2 protein chains.
Amino acid sequence: MSGEQELGITESKAHNTGEWYTELIQKAEVADYAPMGGFIVTRPRGYAVWEAIRESLDDRFEDTGVRNAYFPMFVPESYLEREKEVVEGFDPEVAWVTHGGYDELDERLAVRPTSESIIAPYMAQWVRSHRDLPLRLNQWCSVCRWEATETKPFFRTKEFLWQEGHTAHRDRDGAWEETMLRLRQYEAVYEEVLALPALVGRKPEHDTFPGADTTTTVEALMPDGKSVQGATSHHLGRSFAEAFEITYTDAEERERTAHTTSWGFSWRAMGAMLMAHGDDQGLVLPPAVAPEQVVVVPIWSDDDREAVLDYAESVVDDLETADLRVEFDDRDERNPGFKFNEWELRGVPLRVEIGGNEVADGTVTLVHRPDGETVEVDRDDLAETAVEHLDAVHRKLYDAARQHLEENVRDADSPEEMLGTIGKHGGYVRAAWCGDEACETVIKDEIAAEVVMLPMEDDEDYEPVAETCAVCDEPSEETAYFAKTY
Amino acid sequence: MSGEQELGITESKAHNTGEWYTELIQKAEVADYAPMGGFIVTRPRGYAVWEAIRESLDDRFEDTGVRNAYFPMFVPESYLEREKEVVEGFDPEVAWVTHGGYDELDERLAVRPTSESIIAPYMAQWVRSHRDLPLRLNQWCSVCRWEATETKPFFRTKEFLWQEGHTAHRDRDGAWEETMLRLRQYEAVYEEVLALPALVGRKPEHDTFPGADTTTTVEALMPDGKSVQGATSHHLGRSFAEAFEITYTDAEERERTAHTTSWGFSWRAMGAMLMAHGDDQGLVLPPAVAPEQVVVVPIWSDDDREAVLDYAESVVDDLETADLRVEFDDRDERNPGFKFNEWELRGVPLRVEIGGNEVADGTVTLVHRPDGETVEVDRDDLAETAVEHLDAVHRKLYDAARQHLEENVRDADSPEEMLGTIGKHGGYVRAAWCGDEACETVIKDEIAAEVVMLPMEDDEDYEPVAETCAVCDEPSEETAYFAKTY
């Protein structure tokens, strides 16, 4: 670092969201571009956030009967072909391994784009009787999809980190409950961990995962008005179980075919969180994922150096004892202003400032990262107070995102209104939709917006928006959310 | 599972270690073979053990300044070539990605066999001043080496899971301290987590990691008398730093070249643990890694069913409250004998049996997995007692392995004696060695045993075994441990 000039973000989030985001990611040491297009290097500050998300999901999975496993990173071409035969529309662009050492392989190996076709045959082996069901497997791994688009860290990368869950059940209800359980866990992680409200719903039929009966999705609204899909949960029905012969004998010794699901949460969700909360000063991290939740910055003069540092150190001890992740920035060679800027860039949710006044008064000064709100509090019950303020920071982030979302769902009932609304404001347009892909195409061709999700009809607050399709005027079966997407 | 016949291990560990091991791994649901030779599927019971090891290493790393990151799974061919130019002898056999989607790539990508050549250029970017040092990065990932050998789960697989640490330091001493710190952490995990005593030392010069000044190793003795290397820590000197220009300005503003290290611990160490402790009844897991540490098996008759189950349930509650990983096997459809066999196969370290007598006496019966030692203890302070007995099980495993190791280090002072000793007993032969590879070759050509490690001369209990080489009689510089290896 050669100076403050270089340190700060120069792009504006409001005016240039895309450039601001990529500058943010690099300047805040979250990620760098790899030498190969489509790949990134996730730096410790970024990876720590991913680890926190992973841990939170893993705890939820473990509490609900999921067990982690690890399957090979390669899938033989014949396995993918088998999936192609059973699953119409399945033709993933993958990275192909053709040589091992100095020899050409007899059969090409795909670097896994997802693992249904390598996991399903093992599920078929491991499931014998109804007592073996449900079978719930999950793996955390990297996958590779050879899509030729511009790289955007975490949003669009050829290799990405994710978890993929794969389960088998006795019947349709069991599989559907599983699909929804995982969707709701994803939603909970968005809200409780990422401080992001999400829209949850179904994908339209033509956009379901190949082979799935139903694909459900978690969508988040980005500051530039586009929607990002960070997690999906698929009800696969019996298509994979039939193709890969995942069968079991029921209690009456009859042979039955299982029903399966798969569900995945990728680092796109992390990208969405970083983009949603960050600002022109840098990252803004929800306390649940921040590598440092609190930074303590002592501000001393020549006269009170020792007193301030001693006092600050005891504050740090208290916060650490309360199991908070605390950084004590007592660097001699940097002034407080520099430190403030640096920790703001890094997104630390809560700053504790301690100077001579605080020492004299037995207080500390707290500063909230998102809005700079500053409050002087008693030093004595600081650990408890800090937890409350971290909660407050989480709520501020969530509420701001919630408000942004609510302000950006607009109804429309004609193609012109839909196009005009998305063109002018971005965000979601909610419209009645007959379910015909052709009516989506009308919008898509004009403005690259598509149906990102259909609310679940069994949601409490579900209400059809109109009775005829906003595009073709035929009777409407669905309410659809249209948006531009990442 | 169609019956007890299929469940049990049929091979003998003593007579047929190799076949016994592969049967054990599959029957105990640790791993299965993948469709592609060289690859395996790690099942939940195996993966849970790996996760426990990972967590234990990660805690140690975190406490000593390491931060996790994630680098791309592919390395461009030109990057590997660059490493080849600077590192004599570096020519790894790798899996090559040649096509992405339907197109041939301009440059082939190697699936990472290790990541020095993709990580070092980023270290060069991130290190500017002496204040950025030491820089300590680690990643948990899978790597792929295209070695054409017979697959042996965890011991020999083309893809394997590991962690790779990469660090940069101001000077040689800093890098050497790091190398030894990681070696000692690996040794501690072997002893405290895997219940395996290990030999630690240096690799001979001709067997160091390409580019390294010194390679240090952790070696464990297997029941069939072979040595397995499950972790290595490399002092890389300045070779990588010079090649990749990892330089920094020191406090006097002078440009200096950093010193680097790398260190890795792979799932081989897990395989070594499984092979060392398992027996003809199945797995025997050290309590630190066992997915279930205690299994509670109620044994009821028609008369006391409810009383036994209630009592057993309260025991389970107590054990869970004490943070033990407990399984309550109250299945109706299986008799106690079947359950005992099944949990023995799975390696659960401690079994709690509860029948009418225990209920009447206010006791429980504890059975140690390794040797069947059975003891009746008071129910009241069971949680504490159980922890003590788990510690005892760990000690039993460690002591047995320690004794096996001590009995299998033998001195020899002529080629004939070395060959005869290894041929007859396996294990390690300790001999004075001049350091010349030719003298190792004499032994290697005859009996496929090699120098697996040289004790560190600064070890407290280091003592040269003789003053002239056991093979050529020239003055000896080293004491070497010869053994057959995995």
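Residues numbered from 1 in each chain as written. Chains lettered and ligands numbered in written order. Predicted model: local features only at pLDDT ≥ 70, side-chain atom pairs only at ≥ 80, totals over all residues.

**As for the overall build of chain A**
In terms of regular secondary structure, chain A is built from 14 helices and 23 strands. By the compact-globule yardstick of 23 Å for 486 residues, chain A fits well, its C-alpha radius of gyration being 25 Å. Reported as C-alpha extents along the three principal axes, the dimensions of chain A are approximately 85 × 55 × 50 Å. When burial is assessed residue by residue, chain A has 48% of its 486 residues classed as buried. (Helix = DSSP H or I, 4+ residues; strand = E, 2+ residues; numbered from the N terminus. Rg over C-alpha atoms; globule rule 2.2 N^0.38 Å. Buried ≥ 20, exposed ≤ 12 C-beta atoms within 10 Å, placed from the backbone.)

**Section: unusual backbone geometry**
Note on backbone geometry: most residues besides glycine have negative phi, and most peptide bonds are trans. The step from A:L133 to A:P134 runs through a cis peptide bond, and the omega angle for that step is -5°. Tracing the chain through its elements places A:P134 in the loop between α5 (116–126) and β7 (135–144). At A:D323, a residue that is not glycine, the phi angle is positive and equals roughly 70°. Among the residues examined, A:D323 registers 10 C-beta atoms within 10 Å and is labelled exposed. Backbone geometry places B:E29, a non-glycine residue, at a positive phi of 60°.

**A word on the relation of the copies chain B and chain A**
Rotating chain B by 180° and moving it 0.0 Å along the rotation axis overlays it on chain A with an RMSD of 0.0 Å. When the rotation and shift are considered jointly, the pair of chain copies conforms to a two-fold rotation axis. By C-alpha distance to the rotation axis, the residue of chain B lying nearest is B:V97, at 2.1 Å. When the interface residues of chain B are mapped onto chain A, 97% of them again fall at the interface, so both copies present the same face. (Least-squares fit on C-alpha atoms with pLDDT ≥ 70 in both. Contact = placed C-beta atoms within 7 Å.)

**A word on the sheet that holds strand β9 (residues 199–202) of chain A**
Residue and element names in this part refer to chain A. Read across the open sheet, the seven strands follow the order β3-β7-β8-β14-β11-β10-β9; overall the sheet is mixed. Each edge of the open sheet carries a strand with a single partner, namely β3 (67–68) and β9. In the sheet, strand β11 (residues 227–237) pairs with strand β14 (residues 259–266) via six bridges, with the strands oriented antiparallel. Bridging from a neighbouring strand, G237 pairs with T260 of β14. The sheet contacts of α5 involve β7, β8 (159–169) and β14, and relative to β8 the element is tilted by about 30°. (Pairing = 2+ DSSP bridges. Axes fitted to C-alpha atoms, helices over the stretch in contact; angles between N-to-C directions.)

**A look at the domain arrangement of chain A**
In terms of domain boundaries, chain A breaks down into domain 1 (4–277), domain 2 (294–398) and domain 3 (409–484). Distance from the C-alpha centre of domain 2 of chain A to the C-alpha centre of domain 3 of chain A: 48 Å. (Domains from an automatic or database assignment.)

**So, the interface of chain B and chain A**
With 38 residues of chain B in contact, the opposing surface of chain A contributes 37 residues. With six residues, strand β5 (residues 95–100) of chain B is the single largest residue contributor to the side of chain B that touches chain A. In terms of residue class, the side of chain B that touches chain A is made up of 24 nonpolar, seven polar and seven charged. (Nonpolar A, V, L, I, M, F, W, Y, C, P; charged D, E, K, R; others polar.)

**Some thoughts on the nonpolar core**
The nonpolar side chains of a soluble globular protein tend to be buried with one another. Ranked by internal contacts, the top residues of the largest apolar core, which has 284 residues, are A:V296, A:F482, B:V296 and B:F482. Discounting chain neighbours no more than four positions away, the residues touching A:V296 are A:A312, A:V315, A:V316, A:V326, A:F328, A:D329, A:V352 and A:I354. (Core = buried A, V, L, I, M, F, W, Y, C linked by C-beta atoms within 7 Å.)

**Re helix α14 (residues 437–447) of chain B**
Residue and element names in this part refer to chain B. Looking only at α14, the buried set comprises C439, E440 and I443. One side of α14 holds all its buried residues, which, seen down the axis, span an arc of 100°. Counted as exposed and oriented over 90 degrees from the buried face of α14: A438, T441 and D445. Where α14 is buried, its residues touch α13 (415–425), β21 (428–433), β22 (449–453) and β23 (478–484). Once α14 finishes, A448 follows within two positions and takes phi at roughly 60°, a positive value. (Arc of directions from axis to C-beta.)

**Some details on the sheet that holds strand β15 (residues 294–298) of chain B**
Residue and element names in this part refer to chain B. Across the sheet, five strands lie side by side as β16-β15-β17-β18-β19; this open sheet has mixed pairing. Strand pairing shows two members of the sheet lacking a second neighbour, β16 (326–328) and β19 (374–378), which therefore form its edges. Averaged over all neighbouring strand pairs, the angle between strand axes comes to 25°, with direction disregarded. Sheet analysis places strand β17 (residues 350–354) next to strand β18 (residues 363–368), joined by four bridges and oriented antiparallel. For R351, the partnering residue across the bridge sits in β18 and is V367.

**Focus: the environment of A:Y79**
Residue and element names in this part refer to chain A. Along the chain, Y79 turns up in helix α4 (residues 77–86). Measuring from C-alpha to C-alpha, the distance between Y79 and V409 comes to 43 Å, with 330 residues separating the pair along the chain. Residues in contact with Y79, not counting those within four places in the same chain, are S117 and I118.

**Things to note about helix α3 (residues 44–63) of chain B**
For α3(B), built from 20 residues, the straight-helix expectation of 28 Å at 1.5 Å per residue is met to within 8% by its first-to-last C-alpha distance of 28 Å. Those residues of α3(B) not exposed but buried are B:P44, B:R45, B:G46, B:Y47, B:A48, B:V49, B:W50, B:A52, B:I53, B:L57 and B:F61. (Expected span 1.5 Å × (residues − 1).)

**Comments concerning the packing of α13(B) against α14(B)**
All names here are of chain B. Relative to each other, α13 and α14 sit at 40°, their axes nearing to 10 Å. Accordingly, the angle class assigned to the pair α13 and α14 is oblique. Between α13 and α14 lies a crossing whose hand is right-handed. In contact with P415, M418, L419, I422 and G423 of α13, α14 contributes V442, I443, E446 and I447. (Parallel < 35°, antiparallel > 145°, perpendicular 65-115°, else oblique. Left-handed = near helix turned anticlockwise from the far one by under 90°.)

**Focus on the packing of helix α9 (residues 305–321) of chain A against helix α12 (residues 382–407) of chain A**
Residue and element names in this part refer to chain A. Here α9 crosses α12 at 65°, and the two axes come no closer than 9 Å. Read as a crossing pair, α9 and α12 show a hand that is right-handed. Contact residues: α9 offers V315, D318, L319 and T321, while α12 offers L382, A383 and A386. In the contact of α9 with α12, the residues fall into five nonpolar, one polar and one charged.

**Describing the pairing of β18(B)**
Side-chain positions along a regular strand alternate between the two faces of the sheet. Residue and element names in this part refer to chain B. As judged from the five bridges shared by β18 and β19, these two strands associate in the antiparallel manner. Counted as the bridge partner of V367 is T374 from β19. Between β18 and β19, which pair antiparallel in sequence order, lie five residues; one of them, G372, sits at a positive phi of approximately 70°.

**Points about the environment of A:P204**
Residue and element names in this part refer to chain A. Relative to the helices and strands, P204 is located in the loop between β9 and β10 (214–221). Residues P204 and T42 lie 162 residues apart in sequence; the distance between their C-alpha atoms is 33 Å. Once you skip the residues sitting within four places of it in the chain, P204 turns out to touch V451 and L454.

**Observations regarding the confidence of the model for chain A**
Detailed reading of the predicted coordinates is not advisable wherever pLDDT is low. Residue and element names in this part refer to chain A. Confidence in the prediction for chain A averages 94 pLDDT; 97% of positions are at 70 or higher. The low-confidence segment residues 1–5, where pLDDT is below 50, has five contacts with residues more than four positions distant or belonging to other chains. Interface scoring of the predicted complex returns ipTM 0.96; its pTM is 0.96. (pLDDT = per-residue confidence, 0-100.)

**Re the environment of A:G426**
Residue and element names in this part refer to chain A. Following the sequence through the fold, G426 ends up in the loop between α13 (415–425) and β21 (428–433). Residue G426 is classed as partly exposed on the basis of its C-beta count, with 19 C-beta atoms lying within 10 Å. Residues G426 and V367, spaced 59 residues apart in sequence, show a C-alpha to C-alpha distance of 33 Å. Filtering out sequence-adjacent residues up to four positions away, G426 remains in contact with D224, G225, K226, N408 and K484.

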